[in-house]
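# Structure assessment
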Amino acid sequence: VFGIDVGGTTIKCGFFSDDGELIEKEELPTRKENSGENILPDIAEYIKMTLAMHKKKFTDIAGIGIGVPGAVRDDGTVNKCVNLGWEVVNVPNKLSELLIFPKEKIKAGNDANVAALGEAWKGAAAGSSDVIMVTLGTGVGGGIIVDGKIVTGHHGAGGEIGHANVDHHETESCNCGNRGCLEQFASATGIVRMAKKELAASEEKSVLRDMENISAKAVLDAFKENDPVAVATMEKVGEQLGGALAIISCVTDPETIVIGGGVSKAGQPLVDCIQKYYRKYAFASCKDTQIVIATLGNDAGIYGAAKMVL
Ligand code: ZN
């Protein structure tokens, strides 16, 4: 089985055995020029070469799963993927034509959803069939797994936790056009924004005060050193995130919540901060849900893509 994770800069490709052993991993550059028309042919070429190298035939392959940075409908249709330059593309149809391989064995999904499936299969939530994953990077992505399956939704926007509206009084705009999205608080950019607000609102001493360019990493490092401004910032971030996760838990009642993305490198202190508020706001039956840091890193996408077709 092939698991492919298409990103804005690189295409990560994994060739797996059907029990999830990663046989080979490869990275290709994402050629976005000409509306990204080379992306699927490049993937097709990689698949053909890998099969030839391992002396396998197409009939030996269980399927091809692909994660894409955009909303993907259940039939694999991507409707405008700005990061790849794509307009409307049906990934299984196109790849099936290029490879002469049955399209029923090709599946496409949103990259954050696919990463959640990867963590649920072989990562931090291995063994859990009900999982929520939230990815804290430049933005906030999310994926919801119910009964071992990705919740895609009608528009392909299932699991867009980053755009859950958590502050109805926010005046600044999110990238999506709304105001008060979780992403404005819990992404790397959001954490910096919150830290700057906290600095402006208090007189507390802080290592952040003298910094010319505050980064999320600087805030998280200061947080671990108990810097009062960084602690106050992360308490607010933790409250927004823990509160949002508590609401989603009322809907899907996950066994495990996974925190991924660059911000999750902050580790256990971040988990503690989220868990404190999660437990405060969650419904009684869901309070003991475990919150853990993702373990597959950048490979979550290829694992999840492979699992999609198994
Ligand atoms: Zn938004």
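The sections below set out a description of the structure shown in this document. Computed from a predicted structure; not experimentally measured.

Counting buried positions along helix H10 (residues 300–308) gives eight out of nine residues, so the element sits mostly inside the fold. Within the sequence span of H10, burial applies to Ala 300, Gly 301, Ile 302, Tyr 303, Gly 304, Ala 305, Ala 306 and Met 308.

Let us look at the environment of His 154. Of note, His 154 is situated in the loop between strand S10 (149–150) and helix H5 (183–186). Accessibility expressed as a relative area gives 68% for His 154, which makes it exposed. Along the primary structure His 154 and Leu 220 are separated by 66 residues, whereas in three dimensions their C-alpha atoms are 37 Å apart.

This brings us to the pattern of salt bridges. Pairs can form between side chains of opposite charge once their charged atoms are near each other. Applying the stated criterion across every chain, the model contains nine salt bridges. Bridged by salt links that share partners, the residues Glu 170, Glu 172, Arg 193 and Lys 197 form one connected network.

With that settled, consider the coordination of the zinc ion. At 2.0 to 2.3 Å from the zinc ion lie its protein donor atoms, namely His 163 (ND1), Cys 174 (SG), Cys 176 (SG) and Cys 181 (SG). Every donor residue of the zinc ion comes from the same chain, spaced as H-x10-C-x1-C-x4-C. Linking His 163 in the loop between S10 and H5 with Cys 181 in the loop between S10 and H5, this pair joins segments that are 18 residues apart in sequence. For Cys 181, a relative accessible area of 0% gives the class buried.

Looking now at the nonpolar core. Of all hydrophobic cores here, the largest spans 43 residues; its most connected members are Leu 136, Leu 208, Met 234, Leu 245 and Ile 259. At the level of secondary structure, the elements contributing two or more residues to this core comprise strand S8 (131–136), strand S9 (140–146), H5, helix H6 (188–201), helix H7 (216–224), helix H8 (228–252), strand S11 (256–260) and helix H9 (268–281). Considering every element that reaches this core, the biggest residue donor is H8, with nine residues. The next biggest cluster of nonpolar side chains, apart from the first, holds 30 residues, and it includes Phe 2, Phe 15, Ile 47 and Phe 101.

Calculation notes
- Residues numbered from 1 in each chain as written.
- Predicted model: local features only at pLDDT ≥ 70, side-chain atom pairs only at ≥ 80, totals over all residues.
- Heavy atoms only, no water.
- Buried < 20%, exposed > 50% of the residue type's maximum accessible area, 1.4 Å probe, protein only.
- Helix = DSSP H or I, 4+ residues; strand = E, 2+ residues; numbered from the N terminus.
- Salt bridge = Lys/Arg side-chain N within 4 Å of Asp/Glu carboxyl O.
- Donors = N, O, S within 2.8 Å, 3.2 Å for Na, K, Ca; no water.
- Core = buried A, V, L, I, M, F, W, Y, C linked by side-chain atoms within 4.5 Å.

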